[in-house]
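Residues per chain are reported as follows:
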Amino acid sequence: MRLLVTGGAGYVGSVVATRLLELGHQVVVLDDLSTGNREAVPAGAEFVHGEVGADTAGVLAAHGPFDAVLHFAAMSLVGESVTDPDKYWHGNVVAGIALLDAMCEAGVGTLVFSSTAATYGEPDRVPIVETAPTAPTNPYGATKLAIDHAITSYAHARGLGAVSLRYFNVAGAYGGAGENRVVETHLIPLVLQAALGHRPDIAIFGTDYPTADGTAVRDYIHVADLADAHVLALEAAESGTHRIYNLGSGEGFSVREVIDTCKQVTGIDFPVRIAERRAGDPAVLIASSQRAVDELGWRPQRTDLTQVVADAWEYTRALGERAHSAPR
Ligand code: UDP
């Protein structure tokens, strides 16, 4: 298939693009490099430097015909979405609608969309199933939910075949691609940077959550398993329907447990400090991915947190060495 991957210079987008190329698909990456890296775009993909909102229509016309779009390009930081909501409503929703319109105009009928667990907000019960109420606790989740609603109505009215994948906490690395953001806010890469001595310590955001050890619990999914789900979603998309799947490992780990696993995997002890809760963070997010298992035939292979952290560590260490040996 010929595929447009928006955000293919970002973490998840670059891993999925790598996987699609391995499977013999043709990949065009559209990315504005606002948070991604040009070097992350896998060799073998065509790269277009541009914005989803302004440039998708032109790219679909000039580089097509395309069989499908995989839409990753988005703002995705909970804390930033609370302080800069305009960036999120424009970058995620306004640009997302422009992408849907451009797809309809160009006759591209299949979409795989990066949605998020943040669409559910603070869940009534875990694991979270796809029929759970959606009540985002932050603008990030609200913007992703808004696009999910738009996709549903475009699927029904315009015959789009769409699949939204609601990721829980993605981590790990695959095929030389991993987490490498200019501004890093995610737990595992930050902890590994502390292990490397690139930051003085790691802060635990809140120790007064209603959880076993008082720190927030998340469900960490290996990015390679996530990539496999995108491939299955692409095959499963059906005109006129919008399917939604949660993707996680089904197991929750507290911030303290993640830090302990990182200490164990790296063999390095580093300072840990207690900080205030971060605005907009729910206490516990754990996925039920049963629907993806039943309907997509998804079979996650790397569900052990130790393996997730080990793969992330290998990538982070290599990145640190490259930065160290780069000419100044
Ligand atoms: N977290 C933390 N210290 C950090 C970064 C994150 O305690 O330096 C916590 C954060 O509050 C959340 C969990 O780790 O409870 C996972 O956060 P992350 O930003 O990785 O993903 P999110 O759950 O926000 O998508």
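Preceding this paragraph is the structure being described.
Each chain carries its own residue numbering, running from 1 in the written order of its sequence. Residues qualify for local features only when their pLDDT is at least 70, as the model is predicted, and side-chain atom pairs are given and counted only at 80 or more; totals for whole chains, interfaces and linings, by contrast, use all residues. Water and hydrogen atoms play no part in the side-chain values, which are based on all heavy atoms of the structure.

Chemist: Honestly, the site of the ligand in this entry has me stumped. Any pointers?
Modeler: Whether a residue is near a molecule or strand depends on its heavy atoms: if one lies within 4 Å, it is near. Near the ligand there are 15 residues, and of these Leu187, Ala203, Arg218, Arg278 and Asp281 occur at the shortest range. Within the side chain of arginine 278, an N or O atom sits 2.7 Å from an oxygen atom of the ligand. Here the ligand, which alone exposes 520 Å², has 90% of that area covered by the protein. Nonpolar residues are Ala, Val, Leu, Ile, Met, Phe, Trp, Tyr, Cys and Pro. Charged residues are Asp, Glu, Lys and Arg, and all others, Gly as well, are polar. For the shell around the ligand, the residue count by class is nine nonpolar, three polar and three charged. N or O atoms within 3.5 Å of each other form a polar contact, as long as, within protein, one can give a hydrogen and the other can take it, and as long as residues adjacent in sequence are counted only when both atoms are side-chain atoms. Residue-level accessible areas treat just the shown protein chains as cover; the underlying method is Shrake-Rupley with a 1.4 Å probe.

Chemist: I tried to follow the side chain of asparagine 246 on my own but got confused; where do I start?
Modeler: Of note, asparagine 246 is situated in strand β11 (residues 242–247). Of the polar contacts made by the side chain of asparagine 246, one reaches the side chain of tyrosine 120; its length is 2.7 Å. Engagement of the side chain of asparagine 246 in a polar contact is seen with the backbone oxygen of isoleucine 128, the distance being 2.8 Å. Secondary structure elements follow DSSP: runs of H or I no shorter than four residues count as helices, runs of E no shorter than two count as strands, and numbering proceeds from the N terminus.

Chemist: Would you explain unusual backbone geometry in this entry?
Modeler: Peptide bonds are trans in most cases, and residues, glycine excluded, mostly fall at negative phi. Between glycine 64 and the following residue, proline 65, the backbone shows a cis peptide bond with an omega angle of 0°. Tracing the sequence through the fold places proline 65 in the loop between α2 (52–63) and β4 (68–71). Each neighbour pair has its own omega, and for valine 126 with proline 127 the value is -5°, a cis peptide bond. Positionally, proline 127 belongs in the loop between β5 (110–116) and α5 (139–158). Despite not being glycine, leucine 33 has its phi angle at roughly 60°, a positive value. Along the chain, the position of leucine 33 falls in the loop between β2 (26–31) and β3 (46–49).

Chemist: What is the right way to read the packing of α2 against helix α4 (residues 85–106) from this model?
Modeler: Think of two packed helices as two axes; the pair is described by the angle between the axes and how far apart they sit. Axis definition: a line fitted to C-alpha atoms, over the contacting stretch in the case of helices. Angles run 0 to 180 degrees between N-to-C directions. Packing of α2 against α4 brings their axes to within 8 Å, and their N-to-C directions diverge by 15°. In this view, α2 runs roughly parallel relative to α4, as classed from their interaxial angle. The interaxial crossing formed by α2 with α4 has right-handed handedness. Contacts between α2 and α4 involve Val52, Gly53, Thr56, Ala57 and Leu60 from the former and Ala95, Ala98, Leu99, Ala102, Met103 and Ala106 from the latter. In terms of residue class, the contact of α2 with α4 is built from nine nonpolar, two polar and no charged. For classification purposes, angles smaller than 35 degrees are called roughly parallel, those larger than 145 roughly antiparallel, those between 65 and 115 roughly perpendicular, and all remaining angles oblique. It is the rotation of the near helix from the far one that decides the hand of a crossing: anticlockwise by less than a right angle makes it left-handed, clockwise makes it right-handed. Between two residues, a contact is recorded if the distance between any of their heavy atoms is within 4.5 Å.

Chemist: Could you clarify how one ought to interpret the layout of surface pockets in this entry?
Modeler: Buriedness for pockets is judged along seven lines, at least five of which must meet protein on both sides within 12 Å for an open set on the 1 Å grid over protein atoms alone, while cavities are sets there where a 1.4 Å probe fits but cannot get out, and lining residues have an atom within 4 Å of a point. Grid points are joined across faces, edges and corners, and a volume is the space filled by probe spheres set on the points. Computed from the structure, the second largest pocket encloses a volume of approximately 190 Å³. Contributing to the lining of the second largest pocket are 13 residues, with Asn180, Gln193, His198, Thr316 and Leu319 lying nearest its centre. Those elements that provide at least two residues to the lining of the second largest pocket are α6 (187–196) and α10 (305–325). Considering every element that reaches the lining of the second largest pocket, the biggest residue donor is α10, with four residues. When grouped by side-chain class, the residues that make up the lining of the second largest pocket number five nonpolar, five polar and three charged.

Chemist: Would you take a moment to explain the sheet that holds strand β6 (residues 161–167) for this structure?
Modeler: Sheets are built from strands paired through backbone hydrogen bonds, the pairs being either parallel or antiparallel. At least two DSSP bridges between two strands are needed for those strands to be called paired. On the basis of which strands lie adjacent, the open sheet formed by seven strands has the order β3-β2-β1-β4-β5-β6-β11 and parallel pairing. Since the sheet does not close on itself, it has two edges, and those belong to β3 and β11, each with one partner. Taking the axes of each pair of neighbouring strands and ignoring which way they run, one obtains an average angle of 20° across the sheet. Alignment of β6 against β11, held across six bridges, turns out to be parallel. Along β11, the bridge assignment pairs valine 163 with arginine 243. Together, β5, β6 and β11 form the strand contacts of α5, whose direction differs from that of β5 by roughly 155°. In this fold helix α7 (residues 223–236) packs onto β1 (2–6), β4, β5, β6 and β11, with an angle of close to 160° to the strand it touches most, β6.

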